[in-house]
Number of protein chains: 2
Amino acid sequence: MDIVSTPAAAGRGAPATSVPEGFCSANERRLLRLIREKGPISRADLARETGLTLQSIVRLVAALMERDLVVGGPKVPSGPGQPSLPIEIARDAAFSVGVSIMDDALSAVVIDLSGRVRATHEELFDTADRGRVTRHLGSILKDLSGAGGFDRSRLVGVGVAIPGFFVDSRGAVNAPLVMNDWALTDLEAHLGAALELPVWIENDGSAAAAGESVYGAGQHHRSFAYIHIASGLGGGVVLDGKPWRGRNGNAGEFTGTLPPSTRPDRPTLRLLLDLVNAQPGTGRPFPSVGALVQAFDPEWPAVETWLARTGEGVSAILSAAAAVLDPDAIVIGGRIPPGLTLRLIERAHFYSVPVRDQDRRFPTLVASRTGGDSAALGAATLPFLHHFF
Amino acid sequence: MDIVSTPAAAGRGAPATSVPEGFCSANERRLLRLIREKGPISRADLARETGLTLQSIVRLVAALMERDLVVGGPKVPSGPGQPSLPIEIARDAAFSVGVSIMDDALSAVVIDLSGRVRATHEELFDTADRGRVTRHLGSILKDLSGAGGFDRSRLVGVGVAIPGFFVDSRGAVNAPLVMNDWALTDLEAHLGAALELPVWIENDGSAAAAGESVYGAGQHHRSFAYIHIASGLGGGVVLDGKPWRGRNGNAGEFTGTLPPSTRPDRPTLRLLLDLVNAQPGTGRPFPSVGALVQAFDPEWPAVETWLARTGEGVSAILSAAAAVLDPDAIVIGGRIPPGLTLRLIERAHFYSVPVRDQDRRFPTLVASRTGGDSAALGAATLPFLHHFF
């Protein structure tokens, strides 16, 4: 039985291939999450972890096997001493693509149902013209399908991360002014129609936080705030292992913690670009944040200026995240070069007014650990979250 | 069968009466929550809401009835047209007391298992001497038991809210300097032994948020930040109807969002007391925040001064809560007089920098709606959360 059938997902641009809404029941999703996290895992352990009866587990696993979503041994133990083989996710059952669209760059990743990264793509690309980007994405998808070694009919959808904030709960993003073509429009419908696939939109900070929770710091920290430093500043929140999006999807929009008058000094790579380009002796002006990041040198004098100017805003953001959430960790990521993240963490501090020489315990400050584009990785998890997990 | 048996709850001061740990299974708790929120409710509706089979519901409800935790009709429908009677919480099955200990006042409330408030107690009381307070609490408990019309053996425990922040995850609170006797010690053990009941400690802001979620604004808003304005400033967080405490129980410790240099101007009633007492013509100096609140007059000139001085801090806190959580609402409560809350809300604003004339949607600002001491109400929910919900 093929998991991918043809009915159009409601409101997602009449894609040519899709998985029906509500494909997996709540119990099936619970099992799939467990199997992805702990597999290979025996039916007995699944029963223990879920509190369901072994009988229910056997039935549910059989239904998942029937649809080729999991693989494993026979459905029941064949006798004492001959336990059934443990269950794991059928990796090639389904694929998902995550795309991160920046003002000056594109990044894409394809993952299989087990979460394994199968292929990636990154390039500097002027994204001002949405039509041009969409056409280019079509060919990137084709290349990824070849590189990832899967049939396009197994692709359940595309998650797309873009900078900006949601103005309502229906997916219209107020993107930065330089990305005017992407702002305040139904991107899920437009991109879905152009790519002939269901599309999910997320803002870059929340997508990166979701990516970090699966592929990075989330492996050590169940609850964290994620500060996303790119051309602009954003972020996301993960609580108890799950993304917390808030009413409009804007949780972790950390720019909002800063008084408007201080926003020119907020920690963005746009500010670093301006400082580096204004500094005599750097050799050349960099045309974009992407070019700056590729050439980044922690010894540039402008780095020290950037750290000094942004220090107060960083403290305000860290202190707000710590006070509001009391999370396990705060993760610094985005497009910020790792060398700059370390310098920022060295100098960062939380507002502290100890009582009896003791203050609250503050969260651990860590650098992103995904080793890739967290926003694209997080975007890739969205179609799977919708259908399976 | 009596729900209250004698084994001591581990680590809670060897109380004379208690309910064993792990008394209710996860499924039983789920049912009890549903029945409390939606009862009277039929077994068929319980099956629909939980996704469990009707057979499982019948069995689980029978077990809860056996322990006198719920009441209702016969266990199975006796035939078409004769449906079973709906199930509801057996209100008198168990009682819980919530206490809020302020620097200059005590407040207590007793609730039954259905959540109904059965009796309350409030008084100005100097709480500097913990031994004196504990003895006094003993007699308050006795009075409440009489006024609430229940037997003390039905009391499952006492929740206690005090100001301060947790320094670890084990219940030691760093209370304000004026409450030195309460700080950095194992209050659950001390109070539990003195009251001969299991005791749960929570900080006042988080307790008030929990109270608000059940008895106040939570009836209209699933996710909110709660700003607790009393002698000091604190708060709590409720997400999807459940308190979010954070790693150390300090989520919503909003003082931490403010730069240390601005803390003298944070919105506290201690500041209002100082301003009122410094103003000529108020007639007399008030000895405490409690006395000030009882006599509060919105026309005092000091009120305007307080609003002006605290405005910036209020904006910083509101903006931090909105940016980090994107909640449905922000609730202003604590000991702040309702008339002052309204003035504060009128003048409050979020940091806003619109893009294309559109900013994020900000949460609704509302005043506490519990009509009582939210911290004591929230504290009263703790023993029930531990045992039943």
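Predicted model, so just to flag it, every value in this text is computed and none were measured.

Broken down by element type, chain A carries eleven helices and 14 strands. Relative to the compact-globule value of 21 Å for 389 residues, chain A shows a C-alpha radius of gyration of 22 Å, a close match. Long-range pairs, those at least 24 residues apart, make up 63% of the contacts in chain A with a sequence separation of at least 6. Summed over its atoms, the accessible surface of chain A is roughly 15,400 Å², and 51% of this surface lies on carbon and sulfur atoms.

So, about the pairing of strand S10 (residues 224–229) of chain B. Residue and element names in this part refer to chain B. With respect to burial, S10 is a largely interior element, six of its six residues being buried. The alternating pattern of S10 places Phe224, Tyr226 and His228 on one face and Ala225, Ile227 and Ile229 on the opposite face, and all of these are buried. Relative to strand S11 (residues 233–239), S10 runs antiparallel, the two being bridged by six bridges. For Ile227, the partnering residue across the bridge sits in S11 and is Gly235. Once S10 ends, the chain turns through three residues before running back antiparallel as S11. Here S10 runs beside strand S13 (residues 329–334); their pairing, made up of six bridges, is parallel. The residue bridging Phe224 from the neighbouring strand is Ala329, located in S13.

Right, let's talk about the relation of the copies chain B and chain A for a bit. In this arrangement, two copies of a chain are superimposed by a rotation about an axis accompanied by a shift along the axis. In the superposition of chain B on chain A (RMSD 0.1 Å, axial shift 0.0 Å), the rotation amounts to 180°. In symmetry terms, the pair is related by a two-fold rotation axis. Scanning chain B for the C-alpha nearest the rotation axis identifies Ala320 of chain B, at a separation of 2.9 Å.

Residue and element names in this part refer to chain A. The domains assigned to chain A are domain 1 (26–91), domain 2 (94–205) and domain 3 (211–367). Spacing between the C-alpha centres of domain 2 and domain 3 amounts to 24 Å. Of the residues lining the interface, 17 residues belong to domain 2; the matching set on domain 3 comes to 18 residues. Approximately 1,200 Å² of surface area, both sides summed, lies buried where domain 2 meets domain 3, with 43% of it carried by carbon and sulfur atoms.

Residue and element names in this part refer to chain A. Closest axis-to-axis distance for the helix H4 (residues 130–148)/helix H5 (residues 187–195) pair is 10 Å, and the angle between their directions is 45°. On the basis of the axis angle, H4 is oblique to H5. Here the hand of the crossing between H4 and H5 comes out right-handed. Of H5, the residues touching H4 (which contributes Arg130, Thr134, Leu137 and Gly138) are Leu187, His190, Leu191, Ala194 and Leu195.

Accessible area lost upon the coming together of the parts is a frequently used measure of interface size. In this assembly, 54 residues from chain B lie in contact with 54 residues from chain A. At the junction of chain B and chain A, the tally comes to zero salt bridges. Across the chain B-chain A interface, the total number found is 32 residue pairs in polar contact (both at pLDDT 80 or more). Among the secondary structure elements, those contributing two or more residues to the side of chain B that touches chain A are strand S7 (165–166), S11 and helix H9 (301–325) of chain B. At six residues, the largest contribution of residues to the side of chain B that touches chain A is made by H9 of chain B. Each residue belonging to the side of chain B that touches chain A can be placed in one class, and the counts come to 28 nonpolar, 14 polar and twelve charged.

What follows is about the nonpolar core. Counting 88 residues, the largest nonpolar core has Ile227, Trp306 and Leu340 of chain A together with Ile227, Trp306, Leu318 and Leu340 of chain B as the members making the most contacts within it. For Leu318 of chain B, the contacting residues outside a window of four places in its chain are Ile227, Ile330, Ile332, Ala348, His349, Phe350 and Leu365 of chain B.

Relative to the helices and strands, Ser223 of chain A is located in the loop between helix H6 (204–215) and strand S10 (224–229). Judged by its relative accessible area of 3%, Ser223 of chain A is buried. Looking at Ser223 of chain A, its side chain comes within polar contact range of the main-chain nitrogen of Asp240 of chain A, at 3.0 Å. In contact with Ser223 of chain A, not counting residues within four places along its chain, are Val238, Leu239, Asp240, Pro327, Asp328 and Ala329 of chain A together with Trp244 of chain B.

So, about the sheet that holds strand S12 (residues 242–244) of chain A. Residues and elements named next belong to chain A. Taken in spatial order, the five strands line up as S12-S11-S10-S13-S14 in an open sheet, and their pairing is mixed. Of all strands in the sheet, those bounded by a partner on one side alone are S12 and strand S14 (364–367). Along the sheet, successive strands turn relative to each other by an average axial angle of 30°, direction set aside.

A cluster of basic residues, Arg30, Arg33, Arg222 and Lys242 of chain A together with Arg30, Arg33, Arg222 and Lys242 of chain B, forms a positive patch at the surface. Put simply, the parts of the chain that give the positive patch at least two residues each are helix H1 (26–38) of chain A together with helix H1 (26–38) of chain B. Take Arg222 of chain B: it is sitting in the loop between helix H6 (204–215) and S10.

A separate point is empty space enclosed by the protein. Taken as a whole, this structure holds three cavities of 30 Å³ or more when the rule is applied. Here the largest cavity defines a volume of roughly 40 Å³. In terms of lining, the largest cavity is formed by Ile227, Ile229, Pro267, Val314, Ile317, Leu318, Ile332 and Leu344 of chain B. Of all the secondary-structure elements, those providing two or more residues to the lining of the largest cavity are S10 and H9 of chain B. Here the residues of the lining of the largest cavity are counted per class, giving eight nonpolar, no polar and no charged. Lining of the second largest cavity is provided by Asn250 of chain A together with Ala322, Asp326, Arg360, Arg361, Phe362 and Pro363 of chain B. Of the residues in the lining of the second largest cavity, the class split is three nonpolar, one polar and three charged.

Definitions and limits used
Residues numbered from 1 in each chain as written. Chains lettered and ligands numbered in written order. Predicted model: local features only at pLDDT ≥ 70, side-chain atom pairs only at ≥ 80, totals over all residues. Heavy atoms only, no water. Helix = DSSP H or I, 4+ residues; strand = E, 2+ residues; numbered from the N terminus. Rg over C-alpha atoms; globule rule 2.2 N^0.38 Å. Contact = heavy atoms within 4.5 Å. Areas by Shrake-Rupley, 256 points an atom, 1.4 Å probe, with all protein chains shown as cover. Buried < 20%, exposed > 50% of the residue type's maximum accessible area, 1.4 Å probe, protein only. Pairing = 2+ DSSP bridges. Least-squares fit on C-alpha atoms with pLDDT ≥ 70 in both. Domains from an automatic or database assignment. Buried area = accessible area lost by both parts, 1.4 Å probe. Axes fitted to C-alpha atoms, helices over the stretch in contact; angles between N-to-C directions. Parallel < 35°, antiparallel > 145°, perpendicular 65-115°, else oblique. Left-handed = near helix turned anticlockwise from the far one by under 90°. Salt bridge = Lys/Arg side-chain N within 4 Å of Asp/Glu carboxyl O. Polar contact = N/O pair within 3.5 Å; in protein donor to acceptor, adjacent residues only side chain to side chain. Nonpolar A, V, L, I, M, F, W, Y, C, P; charged D, E, K, R; others polar. Core = buried A, V, L, I, M, F, W, Y, C linked by side-chain atoms within 4.5 Å. Patch = residues over 30% accessible without salt bridge, like charges linked within 9 Å, V, L, I, M, F, W, Y side chains within 5 Å. Lys, Arg positive; Asp, Glu negative; His and termini not counted. Charge placed at Lys NZ, Arg CZ, Asp CG, Glu CD. 1 Å grid on protein atoms, 1.4 Å probe; cavity = no way out; pocket = protein on both sides within 12 Å on 5 of 7 lines; lining within 4 Å. Points joined across faces, edges and corners; volume = space filled by probe spheres on them.

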